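A closer look at the structure
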Amino acid sequence: MRQVKAVTHHHPKFLKEAYKMDVKLYNTTDEIKTGDRYISFDADREMFCVYKKSDSPRLVGKFDSIISAMYYAKRV
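A quick note: this is a predicted structure, and the numbers were derived from the prediction, not measured. (Residues numbered from 1 in each chain as written. Predicted model: local features only at pLDDT ≥ 70, side-chain atom pairs only at ≥ 80, totals over all residues. Heavy atoms only, no water.)

Brief notes about the side chain of Asp-36
Position of Asp-36 relative to the elements: it lies in the loop between β2 (23-26) and β3 (37-42). Under the relative-accessibility criterion, Asp-36 is labelled buried at 19%. Within the structure, Asp-36 has its side chain in polar contact with the side chain of Lys-5 (distance 2.5 Å). Apart from residues lying up to four places away in sequence, Asp-36 is in contact with Lys-5, Tyr-51, Lys-52 and Lys-53. (Helix = DSSP H or I, 4+ residues; strand = E, 2+ residues; numbered from the N terminus. Buried < 20%, exposed > 50% of the residue type's maximum accessible area, 1.4 Å probe, protein only. Polar contact = N/O pair within 3.5 Å; in protein donor to acceptor, adjacent residues only side chain to side chain. Contact = heavy atoms within 4.5 Å.)

Structural notes on the pairing of strand β4 (residues 47-52)
The pairing of β3 with β4 spans six bridges and is antiparallel. Across the sheet, residue Phe-41 finds its bridge partner in β4, namely Phe-48. Where β3 hands over to β4, the hairpin turn is made up of four residues, of which Glu-46 adopts a positive phi near 55 degrees. Counting the residues that bridge the hairpin from β4 to strand β5 (residues 58-63) gives five residues. (Pairing = 2+ DSSP bridges.)

Looking at helix α2 (residues 66-75)
For α2, the full list of buried residues reads Ile-66, Ala-69, Met-70, Tyr-72 and Ala-73. Looking down the long axis of α2, one finds its buried residues gathered within 165 degrees of arc, a one-sided arrangement. Away from its buried face by more than 90 degrees, α2 exposes Ile-67, Tyr-71 and Arg-75. Along its buried surface, α2 packs onto β1 (4-7), α1 (12-20), β2, β3, β4 and β5. (Arc of directions from axis to C-beta.)

Here's what the structure looks like:
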């Protein structure tokens, strides 16, 4: 099964959910290849956002749990 990529965040909700799941954590988006999907955390809204990496990253979905975000990121 393909491992989902995520940009790490210091928010407790992100850390609690990310460490339970099978996600590969990156410090910055510079380490992620162009065309890959990855999860980022919006601390203001406490939402997990899925982006597609390109010259200007494109938001493809927002979710309230990391499980939903992982499912969507793996889908394509």
